[in-house]
Amino acid sequence: MHIFDTMLRIYFALILLSAALVANSQHTITISGTVVDDKTNAVADASVYILNTNSGTFTDKQGRFELKNIPEGKYIIQVSAVGFAVINEEIDKNNTNIAVTLSQSSIHLDEVIVSAQKREELLQRLPFSVSALSAKKVEQYRLWNTRDITAIIPNLYAGNPGDNRNVTSIRGITSSSYDPAVATYIDGVNQFSLDTYIAQLFDVERIEVLRGPQGTLYGRNAMGGVINIITKKPTNHTSGFAEVNLGNYGQQRHSIGLRTPVVSDKLFFGAVLMYDKMDGYYTNEFNNTSFDKQHTLTGNYYVAYKASEKLAFTVNVKHNNHRNNGPFSLVNGVADAFANPFKLSQDATSKMIDNTFNSSLSVNYTGRSLNFTSQTAWQTNQRYYTRPLDGDFSPIDGVTIINNYGHKWNNVKALTQEFRFSSPASVSSSLKWTTGIYLFHQSVPNKQATHFGKDAAFVGAPDINFSTISTTKGNNSGAAFYGQISYSITKDLELTAGLRYDYEHKKQNVLGEYQKDPDPNPQFETRPDTTASTNFNAFSPKLSLAYQFSKASNGYVSYSRGFRAGGFTQLSSDPSQPPLFSFKPEYSNNYEIGLKNNLLNNRLRLNIALFYANITNAQVPTLILPDAVTITKNAGKLNTKGIELELSAKPVKNLEIEYNLGYTDAKYKTLKLSVYGSEQDFKDNKQVFTPVTTSSLAAQYSFDLGTSQLLKFVVRGEWMALGKHYFDLANTIQQSAYSLLNTRAGITSKNYDIILWVRNLTDQKYISYAYDFGAVHLGAPQTYGITLTGRF
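Residues numbered from 1 in each chain as written. Predicted model: local features only at pLDDT ≥ 70, side-chain atom pairs only at ≥ 80, totals over all residues. Heavy atoms only, no water.

How do you make sense of the overall build of the protein chain when you look at a structure like this?
From N to C terminus, the protein chain includes four helices and 52 strands. Expected size for 792 residues packed as a compact globule is a radius of gyration near 28 Å; at 27 Å, the protein chain falls within 12% of this value. Once the C-alpha set of the protein chain is aligned to its principal axes, its extents read approximately 85 × 60 × 50 Å. Of the contacts formed within the protein chain by residues at least 6 apart in sequence, a portion of 67% connects residues at least 24 apart. (Helix = DSSP H or I, 4+ residues; strand = E, 2+ residues; numbered from the N terminus. Rg over C-alpha atoms; globule rule 2.2 N^0.38 Å. Contact = heavy atoms within 4.5 Å.)

Is there a simple way to explain the sheet that holds strand β13 (residues 173-174) in this structure?
By way of backbone hydrogen bonds, the strands of a sheet pair with one another, either parallel or antiparallel. If you walk across this open sheet you meet the three strands as β11-β12-β13, and the pairing is antiparallel. Where the open sheet ends on each side, the last strands, each with one partner, are β11 (156-159) and β13. The pairing of strand β12 (residues 167-170) with β13 spans two bridges and is antiparallel. Looking at the pairing, S169 lines up with T174 of β13. (Pairing = 2+ DSSP bridges.)

Where do I start with the sheet that holds strand β4 (residues 64-71) in this structure?
A sheet is described by the order of its strands in space; here three strands give the open sequence β4-β1-β7, paired in mixed fashion. In the strand order of this sheet, the two ends are held by β4 and β7 (97-102), each with one partner. Recorded for the sheet is a direction-independent mean angle of 25 degrees between the axes of neighbouring strands. (Axes fitted to C-alpha atoms, helices over the stretch in contact; angles between N-to-C directions.)

Hey, could you run me through empty space enclosed by the protein in this one?
Empty space among the atoms can be located by rolling a probe the size of a water molecule over them. Counting across every chain of the model gives 17 cavities of 30 Å³ or more. Reported here for the largest cavity is a volume of approximately 1000 Å³. For the largest cavity, the lining is made up of 44 residues, of which R142, R147, D148, Y281 and A780 are closest to its centre. When residues of the lining of the largest cavity are traced back to their parent elements, those giving at least two are β11, β19 (252-263), β20 (267-278), β23 (293-306), β24 (311-325), β45 (712-722), β48 (738-748) and β51 (775-778). Its residues assigned to classes, the lining of the largest cavity shows 15 nonpolar, 19 polar and 10 charged. Estimates place the volume of the second largest cavity at around 170 Å³. Lining the second largest cavity are 21 residues, with R171, G212, P213, S560 and N590 sitting closest to its centre. Those elements giving two or more residues to the lining of the second largest cavity turn out to be β36 (553-564), β39 (586-599) and β40 (604-624). Residue composition of the lining of the second largest cavity, by class: 10 nonpolar, seven polar and four charged. (1 Å grid on protein atoms, 1.4 Å probe; cavity = no way out; pocket = protein on both sides within 12 Å on 5 of 7 lines; lining within 4 Å. Points joined across faces, edges and corners; volume = space filled by probe spheres on them. Nonpolar A, V, L, I, M, F, W, Y, C, P; charged D, E, K, R; others polar.)

Would you explain the side chain of S695 in this entry?
With respect to the helices and strands, the residue S695 is situated in strand β44 (residues 693-704). S695 gets classed as buried once you look at its relative accessible area, which sits at 7%. (Buried < 20%, exposed > 50% of the residue type's maximum accessible area, 1.4 Å probe, protein only.)

For this particular structure, what's the right way to read the packing of aromatic side chains?
Aromatic ring pairs are reported here in terms of the distance separating the ring centres and the angle at which the planes meet. Inspection of every chain in the model, using the stated rule, returns 24 aromatic pairs. The structure contains a cluster of three or more aromatic residues connected by ring pairs, namely Y157, F393, F689, F727, Y769, Y771 and F773. Stacked on the ring of Y218, the Lys or Arg K118 has its end atom at 4.9 Å from the ring centre. For the cation-ring pair, R142 lies above W757, with the distance from its terminal atom to the ring centre recorded as 4.6 Å. (Phe/Tyr/Trp six-rings, centres within 6.5 Å; stacked < 30°, edge-to-face > 60°. Lys NZ or Arg CZ within 6 Å of the ring centre and 35° of its normal.)

What should I look at first to understand the pairing of strand β18 (residues 239-247) in this one?
As a general feature of sheets, a regular strand has side chains that alternate between the two faces. In terms of strand pairing, β18 meets β19 through eight bridges, oriented antiparallel. Residue pairing in the sheet places N245 in a bridge with R253 of β19. In sequence, β18 turns back onto β19 through a hairpin of four residues, with Y249 there showing a positive phi of about 55 degrees.

Please clarify how unusual backbone geometry should be interpreted in this entry.
Excluding glycine, residues mostly have negative phi values, and the peptide bonds linking residues are mostly trans. Between D517 and the following residue, P518, the backbone shows a cis peptide bond with an omega angle of 5 degrees. Relative to the helices and strands, P518 is located in the loop between β34 (493-516) and β35 (524-550). You will see that K118, though not glycine, has its phi angle at about 60 degrees, which is positive. Inspection of the secondary structure puts K118 in the loop between β8 (113-114) and β9 (121-122). In this structure, F342 takes a positive phi of about 60 degrees despite not being glycine.

Before we go on, may I ask you to explain the nonpolar core in this structure?
A general trend in soluble globular proteins is that nonpolar side chains are found buried together. Among the nonpolar cores identified, the biggest contains 75 residues, and L133, L143, I149, L156, I207, Y282 and L671 are the most heavily contacted of them. Not counting the four nearest positions on each side in its chain, Y282 is found in contact with T289, S290, F291, D292, S329, V331, F342, K343, L344, V776, H777 and L778. If you look at the next biggest cluster of nonpolar residues, it comprises 21 residues, including I70, Y75, I87 and L102. (Core = buried A, V, L, I, M, F, W, Y, C linked by side-chain atoms within 4.5 Å.)

Sorry if this is basic, but what is going on with the pattern of salt bridges here?
Evaluated as defined, the whole model comprises 34 salt bridges. Note that K669 and D684 form a salt bridge whose closest N and O atoms lie 3.9 Å from each other. Of this pair, K669 sits in strand β42 (residues 655-675) while D684 sits in the loop between β43 (678-681) and β44, and the two are 15 residues apart along the sequence. Each of R171, R211, E592, E644 and E646 takes part in salt bridges that share partners, so that together they form one network. (Salt bridge = Lys/Arg side-chain N within 4 Å of Asp/Glu carboxyl O.)

How do you make sense of the side chain of T216 when you look at a structure like this?
Here T216 lies in helix α3 (residues 215-218). Not counting residues within four places of it along the chain, the set of residues in contact with T216 comprises Y482, G483, Q484, G498, L499, R500, S540, P541 and K542.

Would you mind going over the environment of L431 with me for this structure?
For L431, the position within the fold is in strand β32 (residues 431-452). The spacing of L431 and I485 is 54 residues in sequence and 7.0 Å in space, taken between C-alpha atoms. Every residue in contact with L431, bar those within four places of it in the chain, is listed here: S423, I485, S486 and Y487.

I'm lost on the environment of T53 in this one. Help?
The residue T53 is located in the loop between β2 (47-50) and β3 (56-58) in this model. Here T53 falls in the buried class, since its relative accessible area comes to 12%. C-alpha of T53 to C-alpha of I149: the two residues are 96 residues apart in sequence and 30 Å apart in space. The contacts of T53, once residues within four sequence positions are left out, are T366 and A425.

Explanation requested: the confidence of the model for the protein chain in the structure shown.
If pLDDT is low for a region, its predicted coordinates should not be looked at in detail. When pLDDT is averaged across the protein chain, the result is 90; 93% of the residues are at 70 or more. Throughout residues 21-25 the model reports pLDDT below 50, and contacts reaching past four residues in sequence, or to other chains, amount to six contacts. (pLDDT = per-residue confidence, 0-100.)

How should the environment of H319 be read in this particular structure?
Within the secondary structure layout, H319 lies in strand β24. You can call H319 buried: its relative accessible area is 15%. Sequence spacing of H319 and F727 is 408 residues, and the spatial spacing of their C-alpha atoms is 31 Å. With residues near it in sequence (within four places) discarded, H319 still touches I198, L273, L297, T298, G299, Y301, T356 and F357. In this structure the side chain of H319 is engaged in a polar contact, spanning 2.8 Å, whose partner is the side chain of Y301. (Polar contact = N/O pair within 3.5 Å; in protein donor to acceptor, adjacent residues only side chain to side chain.)

Structure representation (structure tokens):
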């Protein structure tokens, strides 16, 4: 509990510091101006926001705006409005009354702002690879889940076996346990593990994908990169929406939201609720029923209080309540999966209950001397099966998994706290800096039984009608200290350096028991209650050099070190895999060079990056059957290298083209694994969940309907292609190269949309996920539907 005491003491000390900072008097200015279109017509309801502050407003009917009590300095103001390209204007105390001219979004690309370095900056100036998907892009691509960004982001692959947990890989760095290799942040909160993250995408403001290690600012388990999701927040402007989606396979996805000021300029409220369901793609031939029928209720709620122009408080609550009748839609063997697509035969059918709750309190202070942010987050997840779950994925009564032991068990909890100080919003200084403290505590109490039925002999069990019960209690605490500075050596040359120190303490105890039917109580212990603990620590440096060749062209070179935490092996029935075996942290050295260009008066954007990384102490997973337990060991060295290209263009009015390409060569230089009791060398084998190539091409054309440029008929086509990739380290389970076609068409306007869509137009059959023992899950078949959206 010492970490909780430390967190509370630091928290209150820094809150008092922020209060003292707010009390300091400063010279302030008033920023005002007008927003017009390229025909000098006033643009009403345009958003005007000063980057890295709490200050923002909307224009009135005459296109006028005013921001008062702003500390003196030099700022970047972002201006956006429906139907217009987002632009950014630089202002200072000598230029406080400005005129902003917006151009049509049908002609020019948006000037993209991201918070990838935990401060809002221009995307094209960042010295590493970042992709950004705006709310408009999320809607156009019809992104409903984080796995849908596969191939849209170069060298990114995501898939799951049907249980709503995504395994994500970027540049050949992939997850090997419940500690992910690609960190996911939602509204600044680290989705601490695969247990507690929410994969559904709805009411999204922006998705940022940072490729390559981000250890300096994001810490543990960001070796492959970071998926940073920002949802829409309430403002001083009342808005709302309702959306209905209907499709084949019984697909329904309905959402409704409202954002409004409760007290103008002071208190704001926002709420979004989404319900989605589907009848399932798979049929269980054992009882001729729909196997993976599921539904989910998800919510996102905000209360924000603006104490002053400098100090703001935000409470955010999210929940995801998922029900799945057939969570592991798997077929044994690639041949059977393709010969009888979306058909399986399992005798034990169960319902998965998966409840996730995330909450956070954020305090943001923006001042003339510095910015301060505190974020406290609490996450919980309980996941269990109402009935025994089929563990052999077949019609025999061989193995089932039981984990319904009450609320006390399989209920993961995580508390995180981050305090961050950074240079002020003013951009006049040649030095920008960020420093902070990150603290966490995680509790993982798991209890699971592997039951062997009357046909247990078919799976090699020595007896029938018995269970082995595994009880594991894990506690994980840690702290990190980090800092990063960016210094402009000259007007065009900028140096960035960062360093993070992570410390973790892990404690785990295991208990193994034997239970013989029909007695519900264990008869004896197979593994006495045993406890072990260990500590890990790591330094994660970063260094980059960026050069601005021109206003439209920037280049960079960078080095960064990645770190993934170590841990303990779990208890299984395999005596050759002892529990509480400590595996080491995984490290990587990463090098990157890139070039970013905005061309043709912001009508063409072209980014190219080359990367190379070597990974030591590679954490290699082995699935132990029939327990369905993953044992992780340090078993090799991995080298990965490749190239990425991103292109966005608006060559003519109303036509937008996007092309993304990734190539990854991820190969093990050393890899020794135990196969049937003997060690084998798999040197030069390819990394799992890593397509050799990923590419996507999207083209959208809009036809103006009538005189209003906001009323359009839209038609869009998408081509996604993935190269050959493997699902086991022996490289025996492979998916050959394939491509998918998506399309959508309909009418859009400021207040409503009517869209028809089709995904996987050619009904391509492909493996989305496979376990190393051969159980296969296919990707979604052809789906189609209609989307109806209303906004105000």
